[in-house]
Amino acid sequence: MKFSKLTINTCRILYLMGWGNYTRIFLTDASPELNSTTLKKCVTMLPGFIRLSKSLAVNPTHIVQVRRNNDRSADVLVADIWLPVSRRRVTPVVRQLNSLPGGKIKGLAQFRSQHDSMGTPQSVFSSN
């Protein structure tokens with residue numbers, strides 16, 4: 001792991017992981033890099049990244065699939081890695097993914113249909 005500045009082309013970044021006052025940057029074509037900036041600051045410097053939890057942010061262009069868990073949380077698939085979405089951030093994450101142009105993410109249609117038919121974001125996790 002090497003130290004880096006945020007001069008990396010954002011399309012190469014898969015996701016960011018907060019690590020105290022540092023941020024680990026996971027790239028498509030290299031080993032992870034370490035940045036001496038907090039995750040919050042990195043997300044503000046990299047527009048378009050979606051915050052999944054307190055310690056994770058993802059580049060939405062690399063999200064392949066979204067799945068819902070029974071405990072009202074969700075996961076997103078990025079480069080064969082399932083990243084957890086915290087329960088309180090599921091609705092904002094789905095809303096942000098729905099607003100993306102094209103939106104060809106597997107599993108997102110399930111969230112869309114439940115969201116649209118029931119009218120409220122909280123009803124996404126109603127019992128079946």
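Numbers given for residues are sequential positions, taken from 1 along each chain in its written order. It should be noted that, the model being predicted, local features are given only for residues of pLDDT at least 70 and side-chain atom pairs only at 80 or more, the latter also being counted only at that level, while totals for whole chains, interfaces and linings use all residues. The side-chain numbers reported here are obtained from all heavy atoms of the structure, hydrogens and water having been left aside.

Under an unreviewed UniProt entry, the name given to the protein is LytTR family transcriptional regulator, and the source organism is Spirosoma aureum.

Novice: Looking at this model, I keep getting lost on the environment of Ala-79. Mind explaining?
Specialist: Here a strand is any run of E in DSSP of at least two residues, a helix any run of H or I of at least four, and the numbering for each starts at the N terminus. The topology assignment puts Ala-79 in the loop between β8 (74-78) and β9 (81-85). Only protein chains enter the accessibility calculation, which uses a 1.4 Å probe; a residue whose area is less than 20% of its type maximum is buried, one above 50% is exposed, and one in between is partly exposed. Judged by relative accessible area, which is 37%, Ala-79 ranks as partly exposed. With 52 residues separating them along the chain, Ala-79 and Leu-27 place their C-alpha atoms 10.0 Å apart. In what follows, residue pairs with any heavy atoms lying within 4.5 Å of each other are defined as contacts. Excluding anything up to four places from it in sequence, Ala-79 contacts Leu-14 and His-62.

Novice: I keep staring at the sheet that holds β9 and nothing clicks. Help me out?
Specialist: Pairing between the strands of a sheet is mediated by backbone hydrogen bonds and can be parallel or antiparallel. Note on pairing: DSSP must find at least two bridges between two strands before they are called paired. Sheet architecture is open: 3 strands sit in the order β7-β8-β9, paired in antiparallel fashion. In the strand order of this sheet, the two ends are held by β7 (63-68) and β9, each with one partner. Put simply, the sheet's adjacent strands are angled 25° from each other on average, direction ignored. Here β8 pairs with β9 via 5 bridges, running antiparallel. When the sheet's bridge partners are listed, Val-76 is paired in β9 with Leu-83. To get an axis, a line is fitted to the C-alpha atoms, and for a helix only the part in contact is used. The angle between two axes follows their N-to-C directions and goes from 0 to 180 degrees.

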